[in-house]
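# A look at the structure
Listed below are the residues making up each chain.
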Amino acid sequence: MSFARGTVVRVRPWLPPVSVALAAGLAAVGGSYLSVGRRPAFVATPVDRFVLVASPDALVTFAITELGTLGHQVAFLTAIALTCVLFGLAALPGVLILWGRMPVAAVLALRGSASAAGVVTGTVLTGAVAFGLTGSAASSVGTGAGAGLVLLVTVGTARLDASEGGTFEALGRRRVLGAVGSAIGLSALGLLVRGSGEESVPSGLDIPEDARPEVRELLTRAREQSLDVEGLEPLVSTDFYEVDINNVNPDVDRGEWTLSIAGAVEEEVEYDFADIRAMDVEDRFVTLRCVGDQLNGRQMDTALWSGVPVEALLEAANPTGDRVVLRGADSYYNEFPIEALWPGLLAYRMNGRPLPRTHGAPLRALVPGHWGEINVKWLTEIEVRDEDTMGYWEHRGWHGTGPVETVAKLWQVNHFGGGRIEVAGHAYAGTRGIDAVEVSTDGGDTWVEAELSDPLPGEDVWRQWRHEYGAAGTHDVIVRARDGSGDLQIPEENGPKPDGATGWVTETVGTQ
Ligand SMILES: Nc1nc2c(c(=O)[nH]1)N[C@H]1C(S)=C(S)[C@@H](COP(=O)(O)O)O[C@H]1N2
Ligand SMILES: [Mo]
């Protein structure tokens, strides 16, 4: 198919330059990604933060708690699209110079060509905006180079056009194709080199070579104590859930990181990573569960964490207030009674490896028996207070700073043939511990106790349960846990918001 040359241009003369500017915007973002990856220095990160702050709370809550990973992806892609437009605008003056639409071209062209002036203007402006947004030289260079590349390609294709007798003004099509093609190519290269930026977290079954003997022993024990149920997650999770407010996690440099304890304290104290490493290390199995977890959801996991008890640090500060606010490097914060924090652990290793970025490197809080949200990641500050205040999620209508509800999950159903069925899952009640899991396979008329995994050492860790039975026909299986104080899991059914899901998990099981 061939159009009469210039037709498109005459109808919409702004289209080619605007398309080239947008392509330059995309290449700017792609160039930044290629140079720094999915990190705070990536140009879309500050835009993403802005989108998070500017979005209605209800939307943020829905995206994070209901959509989870998908919500993060949609939000991040939105931020990336906005960033492309932003850098398209930054590149526009350069593009207009190329199109001879900027009077400045005439001035600059005195000393060189309009082409050079346009390319340089676009490169410098996009690079400068990137530096203003991120403060990162590497990211700005990548950004400017990306936009500059597109403008160079535009100049190149324009020369081709010109050699065939067209003029820059009149012809646009080939230039737009060249610009868009090179922008897509550069972005694809960025993705290829940097990947999607999602960090893979090593499974708890994969014991690192250099693990300390204590860690090796505990992880081995967890593996051996895990019930032998096909398809059931072991006692140390192989795929630990992630919930946080970020699309791009903080990337904290251990060497520059500090933790301060301030506010209502007798002595303000500050620690750097070397200080923390010099203290005695403690290894603990700890289970975390998000208050936003559905009744039979998967936002509940266990790891072996290594770090220092908070007690030693709090003692040094000598707090006078009875509340604390924990703050992370991502502007997340949470507030709760200091009582809950005293028995906590500040962890810098997970399953025998350095704490991954996704789970709060270099250091996170682990607060026994409480909902996940107060286990602040990328921890930088503990502020002691005299009066209470609200945390990030409390401002958004959640009440997730207290102790967890008791829950028994039904995560696995195995059919053995001959009508034999195995149901299994995990049960967790925070520091109350799990004493029993009861199963009904007749819709609640009769109950039997399930087999439980031997308890792992630790005050705040889940157990697995399993039950095998024979059945003919479809039936309802209900499970409920009894905690260490003898209390039965609450039967009333409530959704996660505002203070955690309650009810008994019920699954309809067919025969096979
Ligand atoms: N700094 C910071 N810490 C945070 C969060 C966050 O968004 N930022 N999310 C909290 C929530 S809601 C939960 S459930 C846990 C999840 O920890 P994980 O991602 O390691 O599973 O971290 C908590 N700590
Ligand atoms: Mo959470």
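Note that the structure is a prediction, hence the values are computed from the model and not measured. (Residues numbered from 1 in each chain as written. Chains lettered and ligands numbered in written order. Predicted model: local features only at pLDDT ≥ 70, side-chain atom pairs only at ≥ 80, totals over all residues. Heavy atoms only, no water.)

It is common to give the size of an interface as the accessible area that goes away when the parts come together. As far as domains go, the chain holds domain 1 (2–194), domain 2 (213–396) and domain 3 (407–510). Spacing between the C-alpha centres of domain 1 and domain 3 amounts to 54 Å. (Domains from an automatic or database assignment.)

For the chain, the mean per-residue pLDDT works out to 92, and 94% of the residues sit at or above 70. Every residue in residues 1–9 scores below 50 in pLDDT, and together they form eleven contacts with partners more than four places removed in sequence or on other chains. (pLDDT = per-residue confidence, 0-100. Contact = heavy atoms within 4.5 Å.)

A full pass over the atoms with the stated rule returns eleven aromatic pairs. Both rings, one in Phe 273 and one in Tyr 348, keep their centres 5.7 Å apart while their planes meet at 80 degrees; by these two values the pair is edge-to-face. Residue Phe 273 is found in helix 11 (residues 273–278), and its partner Tyr 348 is found in strand 7 (residues 345–350); the two are separated by 75 residues along the sequence. Their ring planes at 80 degrees and their centres at 6.4 Å tell us that Tyr 333 and Tyr 392 sit as a pair that is edge-to-face. Residue Tyr 333 is found in strand 6 (residues 333–337), and its partner Tyr 392 is found in the loop between strand 10 (379–385) and strand 11 (407–408); the two are separated by 59 residues along the sequence. For Tyr 392, a relative accessible area of 6% translates into the label buried. Taken together through their ring pairs, the aromatic side chains of Tyr 332, Tyr 333, Tyr 392 and Trp 393 make up a single cluster. Cation over ring: Arg 396 sits above Tyr 392, and NZ or CZ is 3.7 Å from the ring centre. (Phe/Tyr/Trp six-rings, centres within 6.5 Å; stacked < 30°, edge-to-face > 60°. Helix = DSSP H or I, 4+ residues; strand = E, 2+ residues; numbered from the N terminus. Buried < 20%, exposed > 50% of the residue type's maximum accessible area, 1.4 Å probe, protein only. Lys NZ or Arg CZ within 6 Å of the ring centre and 35° of its normal.)

Membership of the largest hydrophobic core comes to 81 residues, with the highest contact counts inside it found for Ile 261, Leu 326, Leu 341, Leu 346, Leu 379, Val 437 and Trp 465. Considering every element that reaches this core, the biggest residue donor is strand 13 (residues 420–428), with five residues. Residues from two domains meet in this core; each of domain 2 (213–396) and domain 3 (407–510) gives at least three. The residues contacting Val 437, other than those within four sequence positions of it, are Ala 408, Ala 427, Val 448, Glu 449, Ala 450, Leu 452, Trp 465, Arg 480 and Ala 481. If you look at the next biggest cluster of nonpolar residues, it comprises 33 residues, including Ala 24, Ala 130, Ala 147 and Leu 151. (Core = buried A, V, L, I, M, F, W, Y, C linked by side-chain atoms within 4.5 Å.)

As a further point, take the sheet that holds strand 10. Taken together, the five strands give an open sheet; going across it, the order is 2-1-10-5-6, and neighbouring strands pair in mixed fashion. Edge positions in the open sheet fall to strand 2 (269–272) and strand 6, since each of these has one partner strand only. Within the sheet, the average angular offset between the axes of one strand and its neighbour, ignoring direction, is 15 degrees. The pairing of strand 5 (residues 323–328) with strand 10 spans six bridges and is antiparallel. Looking at the pairing, Arg 327 lines up with Glu 381 of strand 10. Packing against the sheet, helix 12 (residues 310–317) makes contact with strand 1 (258–263) and strand 2, and its axis sits at approximately 145 degrees to strand 2. (Pairing = 2+ DSSP bridges. Axes fitted to C-alpha atoms, helices over the stretch in contact; angles between N-to-C directions.)

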